[in-house]
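Spelled out, the chains give:
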Amino acid sequence: MRSSALSGAGYLHAIPTKRRFSRSLNEYPQQHNLQERSSTSRIKDKNHVTMATVTGGRILIHLQKKGKDQVPRLAGFAECVVDYFDGRNGQADVCVRLENNRLIISNDFLDSSLKLHIKHPSFCPIKNLSPDHGELPEAVLSRGICSGVAIILESADNKVLLTKRAPHLRAFPNIWVPPGGHVDPDETLTQAGLRELREETGLVIKESDCLEGSLVPLALWESVYPPRLSLGAPLRHHIVLYLHAVLTPQLTSDVLFKQLKFDPNEVSACTWVDKKTIEAIVKVNEEMTDSVQHDPALPQTLRALLLDDQKNQVEADIPLDPFIERSRSDGDCERVSTGTKYALEQFLLKKE
C-alpha cells in the first residue's frame, strides 16, 4: 500500500454476498480516542515474543477472537488473520472497529455491528510460512500488521477509478489499485480514505459528494508483499478495508478526469473502468490456471492519464492486456492486484 469510508469508525461486520449495504459507519458510535503517536506493545507471534514500538503514525491491527481473547491484543506480523478466525476457502466473517488508535478485528458480533468478509488467496505467503517462520528477521517480525483503507470511487456514470502504483515504490510497483493508503493516528477511516484520494490523485471529494452521504464498507483483504513465497519472504503485511463511494450526478468520469492531478511519487497513471471492463478484470481469477475467454467486443485500449518522458501528465490510450493479467509465481508483472479484484467482485455483487 502507498505510504500500500467511514466516518466515526464503529463496528464493521461481513454481509452475506448479495445483500445490499444499507448502512454506513456514520450510524455507529465513534470510538476513536486520542493516543500518543509513539507507544510500546507486546507482540505474541506464535512462538516468537518481542516488543514493538508503534511509531511513524501507523495504526496496527489488534485481534479479539470470541472465547479466546478477553481483550484485543496486538497481532503478530506472522499471524494469518483469516486463519485465526477459522476461515473457510480463504474467507472469514468478522467485524471491525477503530478504537484508541487500534483497528480491532473480532468475530464477537454485537447487535450494532456491521459484518464484513475478510479474504486472502490460497497462496497467501503468511498462510504458507513454515511453522517456525525462521526465515523472517527480527526487524520484520517486530512490525506487526498495518491497517489500510482503499476507495472504490464510482462516478455518476458508473465507472471506477484505478491508479497504477509508481515503478519506484518498494511494495507492489506497477500494480493497478484503487486510491488508498495507511490510516494515520486520530483519523477516522473516512478521513484516511479521502485524504489518500486527494494526495494521490488530486481529487477533492467530500462525504456530501456521495449519494449516501458517506462511504460504505465493502470488504477486507489480507495483503502481503511479496505476494507469493516464490518471490521472497514476506516484508509487508496489511489488512485493507475497501470502501465504496457512489458520487452525485454532476460528478461523472469525464468531469473528474479533467480534475485528476496525480502525485508522481505515488502514481504513474490513472484510468476509469466501466462495468464490462470490471467484469473482465474479475473474470481472471488468481486461483485458476485455465485461459479465460473475453468478450470480443471488449475495447482493447483504455483512456488514461500518464507521465511522459518530461514527467508531464498527458492523456493517452493504454492497452487492456495488463488489466487481465494474473499474478505469477516466477516474477510479478503489471496487473490489477488480487485484493483489488476481490473488492471489484464485491462491488459487482452489490450492484446486482
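Here, the structure is the one placed above.
Residues numbered from 1 in each chain as written. Predicted model: local features only at pLDDT ≥ 70, side-chain atom pairs only at ≥ 80, totals over all residues. Heavy atoms only, no water.

A look at the overall build of the protein
Okay, so step 1: What the protein contains, in helices and strands, is six helices and 18 strands.
Okay, so step 2: Residue burial in the protein is summarised as follows: out of 352 residues, 57% are buried.
Okay, so step 3: Surface summary for the protein: the accessible area is close to 15100 Å², and the carbon and sulfur share equals 47%. (Helix = DSSP H or I, 4+ residues; strand = E, 2+ residues; numbered from the N terminus. Buried < 20%, exposed > 50% of the residue type's maximum accessible area, 1.4 Å probe, protein only. Areas by Shrake-Rupley, 256 points an atom, 1.4 Å probe, with all protein chains shown as cover.)

Some details on helix α6 (residues 338–351)
Okay, so step 1: Its 14 residues place the ends of α6 20 Å apart at the C-alpha level, agreeing with the 20 Å of an ideal helix rising 1.5 Å per residue.
Okay, so step 2: Most of α6 sits out of view: 12 of its 14 residues are buried.
Okay, so step 3: The complete set of buried residues in α6 reads Thr-338, Gly-339, Thr-340, Lys-341, Tyr-342, Ala-343, Leu-344, Gln-346, Phe-347, Leu-348, Leu-349 and Lys-350. (Expected span 1.5 Å × (residues − 1).)

Let's talk about the environment of Asp-69
Okay, so step 1: Looking at where Asp-69 falls in the secondary structure, it is placed in the loop between β4 (61–64) and β5 (73–74).
Okay, so step 2: For the pair Asp-69 and Ser-106, spaced 37 residues apart in the sequence, the C-alpha separation amounts to 9.4 Å.
Okay, so step 3: Contact partners of Asp-69, with chain neighbours within four places excluded, come to Leu-63, Gln-64 and Tyr-84.
Okay, so step 4: Engagement of the side chain of Asp-69 in a polar contact is seen with the side chain of Tyr-84, the distance being 2.5 Å. (Contact = heavy atoms within 4.5 Å. Polar contact = N/O pair within 3.5 Å; in protein donor to acceptor, adjacent residues only side chain to side chain.)

What to know about the pattern of salt bridges
Okay, so step 1: On inspection of all chains with the given rule, the structure shows 20 salt bridges.
Okay, so step 2: Residues Arg-73 and Asp-69 are paired through a salt bridge, measuring 3.5 Å at the closest nitrogen-oxygen approach.
Okay, so step 3: Looking at Asp-69, the relative accessible area reads 14%, which means it is buried.
Okay, so step 4: For Arg-97, the salt bridge goes to Glu-99, with nearest N and O atoms at 3.1 Å.
Okay, so step 5: A single salt-bridge network, built from bridges that share partners, covers Asp-184, Glu-187, Arg-195, Glu-196 and Glu-199. (Salt bridge = Lys/Arg side-chain N within 4 Å of Asp/Glu carboxyl O.)

Things to note about the packing of helix α5 (residues 275–283) against α6
Okay, so step 1: Interhelical geometry of α5 versus α6 gives an angle of 130° and a closest axis separation of 9 Å. Considering the angle they form, α5 stands oblique to α6. Between α5 and α6 lies a crossing whose hand is left-handed. Together, Lys-275, Ile-278, Glu-279, Ile-281 and Val-282 of α5 and Lys-341, Leu-344, Glu-345, Phe-347 and Leu-348 of α6 make up the contact between the two elements.
Okay, so step 2: Among the residues forming the contact of α5 with α6, the class breakdown is six nonpolar, no polar and four charged. (Axes fitted to C-alpha atoms, helices over the stretch in contact; angles between N-to-C directions. Parallel < 35°, antiparallel > 145°, perpendicular 65-115°, else oblique. Left-handed = near helix turned anticlockwise from the far one by under 90°. Nonpolar A, V, L, I, M, F, W, Y, C, P; charged D, E, K, R; others polar.)

Thoughts on the environment of Leu-241
Okay, so step 1: Secondary-structure assignment places Leu-241 in strand β14 (residues 236–246).
Okay, so step 2: A residue is classified by how much of its surface remains accessible, and Leu-241, at 1% relative accessible area, is buried.
Okay, so step 3: Expressed as a C-alpha distance, the spacing of Leu-241 and Ala-219, which sit 22 residues apart in the sequence, is 6.1 Å.

A few points about the side chain of Ser-147
Okay, so step 1: Turning to its location among the elements, Ser-147 is positioned in strand β9 (residues 146–154).
Okay, so step 2: Polar contacts involving the side chain of Ser-147 include one to the main-chain carbonyl oxygen of Ile-59, which spans 2.8 Å.
Okay, so step 3: Not counting residues within four places of it along the chain, the set of residues in contact with Ser-147 comprises Ile-59, Ile-61, Leu-103, Gly-181, His-182, Val-183, His-238 and Ile-239.

A look at the packing of aromatic side chains
Describing an aromatic ring pair means giving the distance of the ring centres and the angle of the ring planes.
Okay, so step 1: By the definition in use, this model includes four aromatic pairs.
Okay, so step 2: Consider the rings of Trp-176 and Phe-323, whose centres lie 4.7 Å apart with planes at 40°: the pair is tilted. Linking Trp-176 in strand β11 (residues 175–177) with Phe-323 in the loop between β17 (313–319) and β18 (335–336), this pair joins segments that are 147 residues apart in sequence. Across this residue pair, the class does not change: Trp-176 and Phe-323 are buried.
Okay, so step 3: Summarising the aromatic geometry, the rings of Trp-221 and Tyr-342 are spaced 5.6 Å apart at their centres and angled 35° between planes, so their arrangement reads as tilted. Within this pair, whereas Trp-221 is found in strand β13 (residues 216–225), its partner Tyr-342 is found in helix α6, the two being separated by 121 residues in sequence. Comparing Trp-221 with Tyr-342 shows no difference in burial state: the two are buried.
Okay, so step 4: For the cation-ring pair, Lys-65 lies above Tyr-84, with the distance from its terminal atom to the ring centre recorded as 5.3 Å.
Okay, so step 5: If you follow Arg-303 out to its NZ or CZ, it ends over the ring of Phe-257, 3.8 Å from the centre. (Phe/Tyr/Trp six-rings, centres within 6.5 Å; stacked < 30°, edge-to-face > 60°. Lys NZ or Arg CZ within 6 Å of the ring centre and 35° of its normal.)

Considerations on the nonpolar core
Okay, so step 1: Formed by 55 residues in total, the largest nonpolar core has its most connected members in Ile-105, Leu-153 and Leu-203.
Okay, so step 2: Not counting residues within four places of it along the chain, the set of residues in contact with Ile-105 comprises Ile-61, His-62, Leu-63, Gln-64, Val-81, Phe-85, Val-94, Cys-95, Val-96 and Ile-239.
Okay, so step 3: Leu-218, Ala-280, Ile-281 and Ile-318 belong to the second largest nonpolar core, which has 28 residues in total. (Core = buried A, V, L, I, M, F, W, Y, C linked by side-chain atoms within 4.5 Å.)

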